[in-house]
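Given next are the chains, with one letter for each unit.
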Amino acid sequence: MKWLKWIGGVLGAIVLLLAAVPFFFSLDDYIPRIEQEISARLKEPVKIGSLRASGLPLPHVTVGGVSIGKTEDIKVGKVTVTPDLFSLFGSTKVIKSIEIDQLVLTQKAIDKIPAWTKPESGKPGKPAAAASPPAVRVESIKLDNAVVQLQKATFGPFDAKLNLSGEGNLESASIVTQDGKLKATIKPDKSNFLIDAVAKGWRLPVGPAIHFDELAIKGVATLNDANFSDIRAKLYGGTVAGKATVAWAKGIQVKGNANVNQVEIKPMLQALGRPATLSGKLTAKPVFSASASRPDQLANALRLETPFAVQNGVLHGVDVKKAATSLISKDGGKGGETRFDKLSGHLAMDRGTRRLTQLNIVSGSLAANGNVTISPRDELSGKVNANIKSGVGSASVPLNVAGTVENPLLYPTGGTMAGAAVGTAILGPGVGTSVGAKVGQWTEGLFGKKEKK
């Protein structure tokens, strides 16, 4: 068994020698040249903190403290490159893996990627038939603890892995957030890429802070656009199913449609950054589109149309019944709330202006209908007809809509207020108010009286 001890001793010596390599084999003298060559290609300053070679567990090179850009648009804690030693004698050098740890990618770097990846002028490349083998081929790229810092949001930390074919083409890619809430895979399919993403308990990193209990997205992407043919989500007690397309060759274009079913509207409004002035369960079928030069401009360019219905809700900030019965006051409906069994209508949104038409409110003794417009600054205008039933009869009272979304105001038209005052004086409250209001409406309609502003 002496030969086993001898082999063990030799292997132990080799391991110790390989482990000691980094202490004697520093490549720091090459750093200035590498920095200069990368900087010339990217036309950005490049800094490298350290460069080391090691023999364990496999021969590899480690690059530490990398930054690119005057404001460090890209930062990398460590890059480990593991080559295939036997390929060093061939025309194509093979890198078995590149492991990137603690990557920080900023919005500025993302904006510069198209320029960085553009072929150099004067070097158009050879035709496919005459193309020579690549000088370097990478088999896999792995990212650990990566973060993308956008202008107003951050995505990550996440881990990612890219597997490449023998020709250097992408075979598959996967992304997993470190909290496990989002998992996505990308696989090539001829000239397209198949996308499959699943999320649980996840919040959008960009745009409105919408929280998804569950989200599943399937689609096909090219280098210029993406078609998400199957989008399904559970959120705020309801469900959303739909499809969307996104194009980015020239600016950003988005269009699609969805079926919204029994979604609690109040938390949804809060997630969208809107005043939570309405509660209840929303059902809608929106069709939407937007086109802008930058992603952060899409919200202001959004066009949307949908019928909608809200069940068992509350309209906060205004009491329609009080406004209709307090006819002599111009702020009778201010404050308070309107509880309803159902609120339905049609919404058309165009660049911030929202038009609510065919409005219909049903709530016990109250029924109301009308049209309301909301400006991009949340200013209200329009008219609502409120029909109030009581033991002595009913009255249909036209109300003006004014104020803002957060402070809405309902008050009767001028003729209705005058008629109500006269009726009350002659017949007393209740019946006199209802009859006087109707006479005021009839007189106002007959002579075309205009209200004073």
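Residues numbered from 1 in each chain as written. Predicted model: local features only at pLDDT ≥ 70, side-chain atom pairs only at ≥ 80, totals over all residues. Heavy atoms only, no water.

Turning next to helix H2 (residues 31-42). Compared with an ideal rise of 1.5 Å per residue, which puts 12 residues at 16 Å, H2 spans 16 Å between its outermost C-alpha atoms and is within 8% of the ideal. Among the residues of H2, Ile-31, Glu-35 and Leu-42 are the ones counted as buried. The arc that holds the buried residues of H2, viewed along the axis, is 45°, so those residues lie on one side. Among the exposed residues of H2, those oriented more than 90 degrees off its buried face are Arg-33, Gln-36 and Ala-40. Within two residues after H2, Lys-43 carries a phi angle of roughly 55°, on the positive side. (Helix = DSSP H or I, 4+ residues; strand = E, 2+ residues; numbered from the N terminus. Expected span 1.5 Å × (residues − 1). Buried < 20%, exposed > 50% of the residue type's maximum accessible area, 1.4 Å probe, protein only. Arc of directions from axis to C-beta.)

Turning to the pairing of strand S8 (residues 154-164), a few remarks are in order. As paired strands, strand S7 (residues 140-149) and S8 are joined by 7 bridges and run antiparallel to one another. Paired with Lys-142 across the bridge in S8 is Lys-161. Between S7 and S8, which follow one another and run antiparallel, lie 4 residues. Inspection of the sheet shows S8 paired to strand S9 (residues 170-177) by 7 bridges, in the antiparallel sense. From the neighbouring strand, Leu-164 faces S9, where its bridge partner is Leu-170. (Pairing = 2+ DSSP bridges.)

Here we come to the pattern of salt bridges. For side chains bearing opposite charge, pairing can occur when the charged atoms are close. Applying the stated criterion across every chain, the model contains 8 salt bridges. A salt bridge links Glu-264 to Lys-281; its shortest N-O distance comes to 3.2 Å. In this pair, Glu-264 sits in strand S15 (residues 252-264) while Lys-281 sits in strand S16 (residues 278-284), placing the two residues 17 residues apart along the sequence. For Lys-281, a relative accessible area of 29% gives the class partly exposed. Asp-378 is the partner of Arg-274 in a salt bridge, and the nearest nitrogen-oxygen pair spans 2.5 Å. Of this pair, Arg-274 sits in the loop between helix H4 (265-271) and S16 while Asp-378 sits in the loop between strand S21 (366-374) and strand S22 (380-390), placing them 104 residues apart in sequence. (Salt bridge = Lys/Arg side-chain N within 4 Å of Asp/Glu carboxyl O.)

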